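Survey of secondary and tertiary structure
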Amino acid sequence: MRKKIIAANWKMYKTIKDAENFLREFLSLSNNYTEKEVVICPPFTSLFLVREYIKDTPYKLGAQNLFWEKEGAYTGEISPIMLRDLGCEYVIIGHSERRQYFGEDDEIVNKKLKSAFDNGLIPILCIGEKWEEREKGKTNDIIIKQINGALEGLDKENVKKLVIAYEPVWAIGTGHSARGEDANEVASLIREIIEKKYSGVVAQEIRIQYGGSVNPKNISEFLSQPEIDGALVGGASLNPQTFWEIVRI
Ligand code: PGA
């Protein structure tokens, strides 16, 4: 049985004070909840603080990005070793905002995934089609291309630990989520691709999240789908009550 995994992607929101306020409330509401895995991915500047708050709880820490080298003259970058040092267990890789605004392509995503695995981090790999691509019936082609590019050269021992977040780009931050069945169809396709590349066992082990305008009203539509094992939540993860609702439901 795959354990459900709900991750909060705070993006570039929250000062240290804001993060502290969130945690006080979320921790008291959620009371060491263990039925699903809960991962909080704050901006780099709040990682240390969030770690301090959650270190004696079941909740896990995740980063939103990394640079693939271990260390070196790379001004402004953060390495996987530094993320481990801060207590991160997860790292979001290839988010559509990174692809759109920071030029991340499948080759860069692949380097980041390898580096995450090599350094003991579990990647949450984000993939998804744009609206024009869906309209032209290209969703499956895009998903196949993104997965093949991202997983190039990765072995099955690593891949089975992977979390894949299917996030249709047009659903992110728009208030227009995908339909549960459509997201489930893409999740099935993802398992088929993984089965062909690796094995049926690996395909059954990886966890697949849906992301894109998830909220307390629509979360059950996604979690009730057989192939969907959780959610990557942006906007609705910023408020502790709303995020707790999503986790609980
Ligand atoms: P959203 O973002 O929930 O605000 O749509 C999801 C994401 O970008 O991971």
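Located above this text is the structure these notes cover.
The following refers to the structure shown. (Residues numbered from 1 in each chain as written. Predicted model: local features only at pLDDT ≥ 70, side-chain atom pairs only at ≥ 80, totals over all residues. Heavy atoms only, no water.)

Notes on the pattern of salt bridges
Condition: We define a salt bridge as a side-chain nitrogen of Lys or Arg found within 4 Å of a carboxyl oxygen belonging to Asp or Glu. We call a residue buried when its accessible area falls under 20% of the maximum for its residue type, exposed when it is over 50%, and partly exposed in between, using a 1.4 Å probe and counting protein chains only.
The tally for this structure, following the rule as stated, stands at 19 salt bridges. With a closest N to O distance of 3.1 Å, Arg51 and Glu52 form a salt bridge. The exposure class assigned to Glu52 is partly exposed, which follows from its relative accessible area of 34%. Taking the shortest distance from any N to any O, the salt bridge between Arg134 and Glu129 comes out at 2.7 Å.

Observations concerning the site of the ligand
The line we're drawing: For this purpose, a residue is taken to be near a molecule or strand whenever a single non-hydrogen atom of the residue falls within 4 Å of it. Identification of polar contacts relies on pairs of N or O atoms within 3.5 Å, with a donor-acceptor requirement for protein atoms, meaning one able to donate a hydrogen and the other able to accept it, and with residues adjacent in sequence counted only if both atoms are side-chain atoms. Each accessible area value is a Shrake-Rupley result obtained with a 1.4 Å probe; residue values ignore everything except the protein chains displayed when judging cover. Note on residue categories: nonpolar means Ala, Val, Leu, Ile, Met, Phe, Trp, Tyr, Cys or Pro, charged means Asp, Glu, Lys or Arg, and polar means any other residue, Gly included.
Around the ligand, the surrounding shell holds 13 residues, and the nearest of these are Lys11, His95, Glu167, Gly173 and Ser213. Measuring from an oxygen atom of the ligand, one finds a backbone N or O atom of Gly173 at 2.6 Å. Contact between the ligand and Gly234: an oxygen atom at 2.8 Å from a main-chain N or O atom of the residue. Contact with the protein chains removes 96% of the 280 Å² of surface that the ligand exposes when unbound. Split by residue class, the shell around the ligand holds four nonpolar, seven polar and two charged.

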